[in-house]
Amino acid sequence: MQTITNDWNDLLAGEQQKPYFHELMDFVHKEYAEKEIYPPEDKVYNALNTTSFSDTKVVILGQDPYHGPNQAHGLSFSVASTDAKFPPSLRNIFKELESDVGVVRTDRDLTDWAEQGVLLLNTVLTVEAKKAASHQKKGWENFTNKVIEQLNKKDEQVIFVLWGGHAQKKEALITNPKHKIIKSVHPSPLSAYNGFFGSKPFSRINRYLSDAGLQEIIWG
């Protein structure tokens with residue numbers, strides 16, 4: 001399975017030595033050996049490897065990976081291939097992006113956001129094909145909580161984007177007054193019209209970055 005190759009490795013090394021993490025890895029390796037699991041094994045830590053701790057300016061928190069073929073590649077809400085089904089939540093994110101900042105985006109792969117310092121982190125990093133939430137409560141949540149706790153310690157401002165109740169449960173981990181929190185309902189079709197549309201997260205992110213003297217994100 002993919003390893004963590006940047007400054008996150010030192011920050012999370014202690015977590016990876018804990019008994020729960022060893023049990024998690026035993027479970028995950030067995031799942032990959034016996035079932036169809038997403039994302040591919042070489043993309044499990046894609047979010048951390050693409051957006052280092054030192055570079056992280058924004059966190060967009062997702063739940064678990066897409067569970068359809070050719071979708072998940074280790075970045076929350078992002079889709080690896082144009083051949084994959086266009087997830088409704090991502091479609092709604094793009095609608096709000098256009099409404100908010102006028103960017104019409106067609107590329108569903110959000111790697112360019114990640115490379116600008118947007119950590120696209122799911123709270124659970126693996127999932128069985130066609131079985132949403134199948135790897136929840138196996139230990140990944142403990143691990144990604146540690147990621148959030150490490151970011152909470154940063155001296156520099158970090159903007160946490162919490163869409164939906166699941167993500168908003170992590171607000172308790174964000175105690176550093178330097179950080180900013182942007183939250184709304186989830187962009188899924190079930191809730192998007194109840195407060196996601198019109199919430200203007202993208203312009204708010206860039207305003208916070210600009211106010212802090214940091215480079216704004218190019219969303220398109």
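Source: prediction; values computed, not measured.

Novice: Honestly, the overall build of the protein chain in this entry has me stumped. Any pointers?
Specialist: Counting its regular elements, the protein chain contains eight helices and six strands. Taken from N to C terminus, the helices and strands of the protein chain fall in the order α-α-β-α-β-α-α-β-β-α-β-α-β-α. Computed over C-alpha atoms, the radius of gyration of the protein chain comes to 17 Å, within 12% of the 17 Å expected from 2.2 N^0.38 for 220 residues, which places it in the range of a compact globule. Counting over 220 residues, the protein chain shows a buried share of 54%. Of the contacts formed within the protein chain by residues at least 6 apart in sequence, a portion of 67% connects residues at least 24 apart. Accessible surface, the protein chain as shown: approximately 10100 Å² in total, 48% of it carbon and sulfur. Within the protein chain, the 28 negative side-chain charges are centred at a point lying 6 Å from the centre of the 25 positive side-chain charges.

Novice: How should I be thinking about the pairing of strand β2 (residues 58–62) in this particular structure?
Specialist: For β2, the tally of buried residues reaches five of five residues, placing the bulk of the element in the interior. A two-sided burial pattern is seen for β2, the buried positions comprising Val58, Ile60 and Gly62 on one face and Val59 and Leu61 on the other. Note: β2 against strand β3 (residues 118–122), five bridges, orientation parallel. The residue of β3 that forms the bridge with Val59 is Leu119. Pairing analysis gives four bridges linking β2 to strand β5 (residues 159–163), with the strands arranged parallel. Bridged to Val58 within β5 is Ile159.

Novice: What exactly am I supposed to notice about the side chain of Ser78 here?
Specialist: By secondary structure assignment, the location of Ser78 is in the loop between β2 and α4 (88–101). By relative accessible area, which is 0% here, Ser78 ends up buried. Not counting residues within four places of it along the chain, the set of residues in contact with Ser78 comprises Tyr66, Gln71, His73, Arg108, Asp109, Leu110 and Thr111.

Novice: Just checking my understanding: could you explain the packing of aromatic side chains for this structure?
Specialist: Any aromatic ring pair is given by two values, namely how distant the centres are and how the planes are angled relative to each other. This model, assessed by the stated rule, comprises 16 aromatic pairs. Ring centres 6.2 Å apart and planes at 90° place the aromatic pair Tyr20 and Phe21 in the edge-to-face group. Each member of the pair, Tyr20 as well as Phe21, carries the same accessibility label: buried. Linked through ring pairs, Phe77, Trp113, Trp163, Tyr193, Phe196, Phe197, Phe202 and Trp219 together constitute an aromatic cluster. Across from the ring centre of Phe86, 4.0 Å away, lies the NZ or CZ of Arg108, which sits over that ring. Looking at Lys154, its charged tip hangs above the ring of Phe53, at a distance of 5.0 Å from the centre.

Novice: Explain the side chain of His179 to me, please; I cannot follow it from the model alone.
Specialist: By secondary structure assignment, the location of His179 is in the loop between α7 (164–168) and β6 (180–184). A distance of 3.1 Å separates the side chain of His179 from the backbone oxygen of Asn152, its partner in a polar contact.

Novice: I tried to follow the sheet that holds β6 on my own but got confused; where do I start?
Specialist: Within a sheet, neighbouring strands are paired by backbone hydrogen bonds and run either parallel or antiparallel to one another. Read across the open sheet, the four strands follow the order β3-β2-β5-β6; overall the sheet is parallel. Each end of this open sheet is capped by a strand with a single partner; those strands are β3 and β6. Taken over all neighbouring pairs, the strand axes of this sheet differ in orientation by 20° on average, direction set aside. Its contacts with the sheet place helix α8 (residues 201–211) against β2, β5 and β6, and it is angled at close to 165° to β5.

Novice: I would appreciate a short explanation of the nonpolar core in the present structure.
Specialist: In globular proteins that are soluble, nonpolar side chains generally tend to be buried together. Tyr45, Trp113, Trp140 and Phe143 are the most contacted members of the largest nonpolar core, which has 64 residues in total. Ranked by residue count, the leading element in this core is helix α2 (residues 19–34), at six residues. Once you skip the residues sitting within four places of it in the chain, Trp113 turns out to touch Ile60, Ile93, Leu97, Arg105, Val118, Leu120, Phe202, Ile218 and Trp219.

Novice: What am I meant to see in the packing of α4 against α8 here?
Specialist: How two helices sit against one another is set out by the angle between their axes and by the gap between those axes. Relative orientation of the contacting elements α4 and α8 amounts to 60°, with a least axis distance of 7 Å. Classed by the angle they form, the pair α4 and α8 counts as oblique. Within the contact between the two elements, α4 uses Ile93, Glu96, Leu97, Asp100 and Val101 and α8 uses Pro201, Phe202 and Ser203. Partitioned by chemical class, the residues of the contact of α4 with α8 number five nonpolar, one polar and two charged.

Novice: What's the story with the environment of Ser134 in this structure? I'm lost.
Specialist: Mapped onto the elements, Ser134 comes out in the loop between β4 (127–128) and α6 (140–152). Counting along the chain gives 67 residues from Ser134 to His67, while the straight-line C-alpha distance between them is 9.5 Å. Apart from the residues within four sequence positions on either side, Ser134 is in contact with Asp64, Val127 and Glu128. Separated by 2.8 Å, the side chain of Ser134 and the backbone oxygen of Lys131 make a polar contact.

What counts and what doesn't
Residues numbered from 1 in each chain as written. Predicted model: local features only at pLDDT ≥ 70, side-chain atom pairs only at ≥ 80, totals over all residues. Heavy atoms only, no water. Helix = DSSP H or I, 4+ residues; strand = E, 2+ residues; numbered from the N terminus. Rg over C-alpha atoms; globule rule 2.2 N^0.38 Å. Buried < 20%, exposed > 50% of the residue type's maximum accessible area, 1.4 Å probe, protein only. Contact = heavy atoms within 4.5 Å. Areas by Shrake-Rupley, 256 points an atom, 1.4 Å probe, with all protein chains shown as cover. Lys, Arg positive; Asp, Glu negative; His and termini not counted. Charge placed at Lys NZ, Arg CZ, Asp CG, Glu CD. Pairing = 2+ DSSP bridges. Phe/Tyr/Trp six-rings, centres within 6.5 Å; stacked < 30°, edge-to-face > 60°. Lys NZ or Arg CZ within 6 Å of the ring centre and 35° of its normal. Polar contact = N/O pair within 3.5 Å; in protein donor to acceptor, adjacent residues only side chain to side chain. Axes fitted to C-alpha atoms, helices over the stretch in contact; angles between N-to-C directions. Core = buried A, V, L, I, M, F, W, Y, C linked by side-chain atoms within 4.5 Å. Parallel < 35°, antiparallel > 145°, perpendicular 65-115°, else oblique. Nonpolar A, V, L, I, M, F, W, Y, C, P; charged D, E, K, R; others polar.

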